[in-house]
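What follows is each chain in one-letter form.
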Amino acid sequence: QRTLMLLSWDAEEYGLVGSTIYGRKHQNDLATQAVAYINVDVGVSGPWFDASGTPSLIDLVVGVASDVPYPNNGTNDANDVPNSIMDTWNTTWFSALGSGSDFTVFIDHIGIPCVDLGFTGLIGGIYHSIYDSMHWMDMFGDPHYTFHKGMAQVMGLAAMRLADAVVLPFNYAAYATQLTAYLDRVILVANEHNVTLETSSFKDALSSFLSMGQQIEKEKDTLLAATPGKPASDPDVMALNDRLMLAERKFISAEGLPGRPFYKHVLQAPGLYKGYEPDVLPGVIQGIEVYNATLAQEQLEQVGLCVRAVIYALQAPPPRPVNKPTSRPWLIPVIVVIGTLIAVAAGAAAFIRWRRNARVRYARV
């Protein structure tokens, strides 16, 4: 149904150079056509599955993790190995994205839904050291490379489901639920800094967002149930998919976060002084942490406006009016006849005025 692009980036360690240049160069095309971006940076450094990303993609990741068997490294009895990757993963760890990897330009600058995948847990002090080598991987990291196989299965299945789904597997009801957790985090930080925020308007926006997300889920089910086997090229499906795909772009602020114009996503970004670690509602938290209640409130209101813009983007357009045939078929000929008579009368009047003026001129001569 859709095109898959496999990308490998140069100069990641030097400031995400390759991916950032690509994103900036192709920004217009990506903003209008890109469905999602799947990032795998440290694919395998241990036995525990980890995923973070845009909340609308959590259902996709849960589905894939439920269907891919948990890798058996060859040293454990098969009966001791969990049935699926999902059996070992706590979805509360599906955190927001910060930075430090090549998803940055896609989510933070353009607003493309992203997910970052990997197996983690053992690398510790090995990372970026002289011991970060094939020997370490062969002996300790993944001796039988079964976790590499599992990572390929997770990434490949996620990509195929995004490419082949008739209706895009984005869940905006789950997104709204996650935003409520984001707000709880912001309120906690505000209380720690003795900063007061007015949140009633924002909570109203979140409530409307949740209702819209639930409505979209019903619309998806109704569309698929009404015409099984409908292709993604069907006009109704295409219209729904466009709304699902482009809604994320509404979380992009044109002016960017305070003091950081490159980072434009109002819901997630690397913390200003936290390295790669993400902040949720980063502009709001930035205002709180510098004890600027005015800035924090302004940023919260900006996020609320973006949430309402997403709600509007997800709304189904009103039905197009049906052009009913006129119940008076004689009306058109009558109008034509009347128009003809008016034209003839106007022409006759003009001729009479011309003749009258001509006689006056002759008499004077």
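Definitions and limits used
- Residues numbered from 1 in each chain as written.
- Predicted model: local features only at pLDDT ≥ 70, side-chain atom pairs only at ≥ 80, totals over all residues.
- Heavy atoms only, no water.
- Helix = DSSP H or I, 4+ residues; strand = E, 2+ residues; numbered from the N terminus.
- Buried < 20%, exposed > 50% of the residue type's maximum accessible area, 1.4 Å probe, protein only.
- Areas by Shrake-Rupley, 256 points an atom, 1.4 Å probe, with all protein chains shown as cover.
- Pairing = 2+ DSSP bridges.
- Axes fitted to C-alpha atoms, helices over the stretch in contact; angles between N-to-C directions.
- Contact = heavy atoms within 4.5 Å.
- Salt bridge = Lys/Arg side-chain N within 4 Å of Asp/Glu carboxyl O.
- Phe/Tyr/Trp six-rings, centres within 6.5 Å; stacked < 30°, edge-to-face > 60°.
- Lys NZ or Arg CZ within 6 Å of the ring centre and 35° of its normal.

Asker: Help me out: how do you make sense of the overall build of the chain in this one?
Answerer: When helices and strands are counted, the chain shows 12 helices and five strands. Per-residue burial for the chain yields a buried fraction of 43% across its 365 residues. When the accessible surface of the chain is split by element, carbon and sulfur atoms take 58% of a total near 20,200 Å².

Asker: Would you mind showing me how to read the sheet that holds strand E3 (residues 114-120) here?
Answerer: Either a parallel or an antiparallel arrangement is found when strands of a sheet pair, and the pairing is made through backbone hydrogen bonds. The mixed open sheet is built from three strands, whose spatial order is E1-E3-E2. The two strands at the open ends of the sheet, each matched to only one other strand, are strand E1 (37-44) and strand E2 (48-53). With direction set aside, neighbouring strand axes in the sheet form an average angle of 15°. Bridge count for E1 against E3 is five bridges, and the pairing is parallel. Bridged to Val44 within E3 is Phe119. Contacting E1, E2 and E3, helix H6 (residues 146-164) runs over the sheet at an angle of about 175° to E1.

Asker: Explanation requested: the environment of Val166 in the structure shown.
Answerer: If you trace the backbone, Val166 turns up in the loop between H6 and helix H7 (172-192). Relative accessible area serves as the criterion here: at 22%, Val166 is assigned to the partly exposed category. Spatially, the C-alpha atom of Val166 lies 7.4 Å from that of Val237, the residues being 71 residues apart in sequence.

Asker: Please clarify how the pairing of E3 should be interpreted in this entry.
Answerer: Put simply, side chains in a regular strand alternate between the two faces of the sheet. In terms of burial, E3 is largely enclosed, as six of its seven residues are buried. Examined bridge by bridge, E2 and E3 share six bridges and lie antiparallel to one another. The residue of E3 that forms the bridge with Ser52 is Asp116.

Asker: How should I be thinking about the pattern of salt bridges in this particular structure?
Answerer: Think of it this way: side chains of opposite charge can pair up when their charged atoms draw near. Going through the model one piece at a time under the given rule, you end up with five salt bridges. Residue Lys220 pairs with Glu217 through a salt bridge whose shortest N-O separation is 3.1 Å. Here Glu217 and Lys220 lie together in helix H8 (residues 200-226), a separation of three residues that amounts to about one turn. Take Lys220: its relative accessible area is 10%, and that puts it in the buried class. We note a salt bridge from Lys274 to Asp279, for which the minimum N-O separation is 2.6 Å. For Lys274, a relative accessible area of 26% translates into the label partly exposed. It is possible to trace a salt-bridge network through shared partners that takes in Lys274, Asp279 and Glu289.

Asker: Can you help me understand unusual backbone geometry in this one?
Answerer: Glycine aside, the phi torsion of most residues is negative, and most peptide linkages are trans. Positive phi, close to 55°, is recorded for Leu16, a residue that is not glycine. For Leu16, the position within the fold is in the segment before helix H1 (17-25). The class for Leu16 is buried, based on a relative accessible area of 11%.

Asker: Hey, could you run me through the packing of aromatic side chains in this one?
Answerer: The relative placement of two aromatic rings is captured by the distance of their centres and the angle of their planes. Applying the stated criterion across every chain yields a total of 14 aromatic pairs. Ring geometry for Trp89 against Phe94: centres 6.2 Å apart, planes inclined by 70°, an arrangement best described as edge-to-face. In terms of burial, Trp89 and Phe94 fall into one category: buried. An angle of 65° between the planes, with centres 6.4 Å apart, marks the rings of Phe209 and Phe251 as edge-to-face. Taken as a pair, Phe209 in helix H8 and Phe251 in the loop between helix H9 (235-246) and strand E4 (268-270) lie far apart in primary sequence, 42 residues in all. You'll find Phe209 and Phe251 in the same group, each marked buried. An aromatic cluster is defined as three or more aromatic residues linked by ring pairs; in this entry it consists of Phe49, Tyr70, Trp89, Phe94, Phe119 and Phe147. Across the ring face of Tyr263, the terminal group of Arg260 is positioned such that the distance to the ring centre comes to 5.3 Å.

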